[in-house]
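# Understanding the architecture of this molecule
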Amino acid sequence: MVAIAVGLGALLLQAAAAWHPTPHSKAPNATAGEELFERAVAAVRGCAARDDAYLSCALGSEAGAWDFYFHRFGSAQITNPTGRGGQLTLVEGFDVLHCAGAHAPGRRIRRACPLAPRGFNDTEAVLLTHPWGGNFQHYVFELLPRAWLAAELLRRARPDEAEPAFVVHLRKHQRTGFFADAARLATGNEIELAADQEGRRGFRNVWVPPYVADNFRAWSNLGLKALRHMHAKAQELYVTRPPRPGTIVYFTRRDASAGKGRALVNEAELIAALAGRGARILDFSAFPTLGDRVRGLANYSVVVTPFGAGFANLVFAHPGARWLGVCPPTMCNSHERFFLDQLTSALGFRTGVQYTAATAARAVNDGGGGAGDPANVPYSVDVPAVVRVVEGLARS
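A quick note: this is a predicted structure, and the numbers were derived from the prediction, not measured. (Residues numbered from 1 in each chain as written. Predicted model: local features only at pLDDT ≥ 70, side-chain atom pairs only at ≥ 80, totals over all residues. Heavy atoms only, no water.)

### What about the overall build of the protein chain?
Our working rule: Runs of E in the DSSP output that reach at least two residues are strands. Runs of H or I that reach at least four are helices, and both are numbered from the N terminus. Each residue's exposure class comes from its accessible area (1.4 Å probe, protein chains only) as a fraction of the maximum for that residue type: buried when under 20%, exposed when over 50%, partly exposed otherwise. Between two residues, a contact is recorded if the distance between any of their heavy atoms is within 4.5 Å.
Scanning the protein chain from terminus to terminus reveals 10 helices and 18 strands. Scored against the burial criterion, the 396 residues of the protein chain give a buried share of 55%. Long-range contacts, defined here as pairs at least 24 residues apart, represent 75% of the contacts in the protein chain between residues at least 6 apart.

Structure, rendered in C-alpha cells:
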C-alpha cells in the first residue's frame, strides 16, 4: 500500500531523453510516419488489454533515433500545485473508499487519502503538459503532436472504449482562444484544464504520451504525421481560397527588447520599409483564436518573420505561401534549416523556408546572449537587402 507522487517534469525529461541525435537524412515526404503509426496502434492494443497498475507501452523505434513509450498509470489524481505544469499523484494498491480510518494516523496510507478526497471515477484521462510552460513554439511543435498521437492511438486501438478526458496544462491567459482551440483540434475533443482538477475525483487510468519532436533539433516521423493531419484539418475547416499573389505579411519580434533575446534593434526601420511596399505588420496577438490564425495566414502569399517562434505558424499556414526567415548572425544554421525543411515537406508546402544571407545581419554588441544563450544576441539587418529578397518572393 503506497502513494507515489510523480513530478511531470521528470516524466517529460525521460520522454525527451528517448531521442538520440543522428546525422541528417533526406527530408521526409507526405507519407512520413504511416507504417510506424500502424505498428504503434497494434502495440497500444496489446498494452491496453493488460490490467497492470503501471504500463510503459513500447510503441517502437525509429531508425535508431527515437524510442517511443506511451505510459499508462493506475489510479491517479491530477493536481496542479505549482501552476508550472501539473503533477500526477499515483495511488496504488489500496481501496480508497476505506483508507480513512483503516490505518493508524502516522502511516503513509493515511497521508495519501486526501489526494483524491472524492475517490476515483471509472474513467481515463490523457495528461498533456510540457516543461516549457506557455512558450508558443514549444506548445505547437511539441505538445500538440503528442495530443494528436494520444487521441488517435487510443481511438484506433480501442474503438469500443469511451473517450478519455484530455487534461491540458494551460496558463491562465491561454485557457480560451488559440491555445485551447489548438488543443481541441489536436485531440478532436473538448479539453479539461489541469488547474481545474484540484478536489475532483481521480481517474482509473492516466495516459502520458511520448515526445515526438525535439524543438529545432529533430522530428520523428510520428510527430510529422501528427502535424500533417492537424494542418490538413485546419485548412479544411477555415480556408476557402489560396492567398492572393504578391500579398506580404511581416511578424514582429518587438516583444523581445534589447538584452533580453534576439532583439532586432532596427526593426522599426525594416517595418517602415516593408509597410511602404504594402506589407501588413502583425504580431502574435493579432490572431486570438485558431480560426483567426488559419484564415489570417491564408491571406498572404509571402510571410516574413525574424528567426524564432514565428515559424510555429507554418503548422497553420497555407501550403502555397512563401516564407522568409530574417536570420540573426548566430542562427539559421544547417541543422535549424533542416528541421524546418522536414516540416514544410511533410505539410506539403510547395517551397521550403528561405533565409536572408549571413552578410545581411550583424551583432550590435559583444556582450553575450540573452536568457543564458550565447546565440541570443541583439542584432541589426541590412534593410535594403532584406527588402530586395521580399520583393523577389512577391514577384515569383
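### Quick word on the pattern of salt bridges
Applicable threshold: The salt bridge definition used is simple: a Lys or Arg side-chain nitrogen within 4 Å of an Asp or Glu carboxyl oxygen.
Per the counting criterion, the structure on display carries 13 salt bridges. With a shortest N-O distance of 2.7 Å, Arg156 and Glu38 are connected by a salt bridge. Of the two residues, Arg156 sits in helix 4 (residues 136-157) while Glu38 sits in helix 2 (residues 34-48), which places them 118 residues apart along the sequence. Accessibility expressed as a relative area gives 35% for Arg156, which makes it partly exposed. Using a relative accessible area of 39% as the deciding quantity, one classes Glu38 as partly exposed. As a salt-bridge pair, Asp214 and Arg217 come within 3.1 Å of each other at their nearest N and O atoms. Residue classification places Asp214 among the buried residues on the basis of a relative accessible area of 16%. What you see here is one network of salt bridges that share partners, running through Glu34, Lys225 and Arg228.

### Details of unusual backbone geometry
Trans is the common state for peptide bonds, and a negative phi is the common state for residues other than glycine. Positive phi, normally seen in glycine, also occurs at Phe216, with a value near 55°. If you trace the backbone, Phe216 turns up in the loop between strand 10 (213-214) and strand 11 (218-219). Phi at Cys332 takes a positive value of approximately 65°, unusual for a residue other than glycine. Looking at the secondary structure, you find Cys332 in the loop between strand 15 (322-326) and helix 9 (334-346). Residue classification places Cys332 among the buried positions, given a relative accessible area of 7%.

### Observations regarding the state of the cysteines
The cut-off we apply is this: Working definition: a disulfide is two cysteine sulfur atoms within 2.5 Å of each other.
Within this structure, the stated rule accounts for 2 disulfides. Disulfide pairing is shown between Cys47 and Cys57; the S-S distance is 2.4 Å. On the sign convention where negative means left-handed, the S-S torsion of about 100° between Cys47 and Cys57 marks this disulfide as right-handed. Residue Cys47 is located in helix 2, and its partner Cys57 is located in strand 2 (residues 54-62); the two are separated by 10 residues in the primary sequence. With respect to class, Cys47 is no different from Cys57; both count as buried. Here Cys327 pairs with Cys332 through a disulfide, and the sulfurs are 2.2 Å apart. Negative torsions about the S-S bond denote left-handed disulfides, and the value of about -100° found for Cys327 with Cys332 makes this one left-handed.

### Examining the side chain of Arg72
Formally: Under the convention used here, Asp and Glu are negative, Lys and Arg are positive, and both His and the chain ends fall outside the count.
Mapped onto the elements of the fold, Arg72 is located in strand 3 (residues 66-73). For the buried Arg72, no salt bridge exists, and the shortest N-O distance to an oppositely charged side chain is 5.0 Å, to Glu124. When residues no more than four places from it in sequence are discounted, the contact partners of Arg72 are Cys47, Ala48, Arg50, Asp51, Asp52, Ala53, Tyr54, Leu55, Glu124, Asn205, Val206 and Trp207.

### Quick notes on helix 7 (residues 267-275)
Threshold: What the arc covers is the set of directions going from the helix axis to the C-beta atoms.
Among the residues making up helix 7, those that are buried are Glu267, Leu270, Ile271, Ala273 and Leu274. Down the axis, helix 7 shows its buried residues gathered within 165° of arc, on one side only. Residues of helix 7 that are exposed and angled more than 90 degrees away from the buried face: Ala268 and Ala272. If you follow the buried residues of helix 7, they end up packed against strand 12 (248-251), strand 13 (280-282), strand 14 (302-306), strand 18 (379-381) and helix 10 (383-395).

### Here we look at the sheet that holds strand 6 (residues 124-128)
Rules: By this definition, two strands are paired if DSSP reports at least two bridges between them. For helices, the axis comes from a line fit to the C-alpha atoms of the stretch in contact; other axes are also lines fit to C-alpha atoms, and the angle between any two N-to-C directions lies between 0 and 180 degrees.
Reading across from one edge, 2-3-9-6-7-8 is the order of the 6 strands in this open sheet, with mixed pairing throughout. Each edge of the open sheet carries a strand with a single partner, namely strand 2 and strand 8 (192-193). Its contacts with the sheet place helix 4 against strand 2, strand 3, strand 6, strand 7 (165-168) and strand 9 (205-208), and it is angled at close to 160° to strand 6.

### Focus: the pairing of strand 3
When you tally the buried positions in strand 3, you get 6 out of 8 residues, the bulk of the element. Pairing of strand 2 with strand 3, which is carried by 8 bridges, proceeds in the antiparallel orientation. Bridged to Tyr54 within strand 3 is Phe73.

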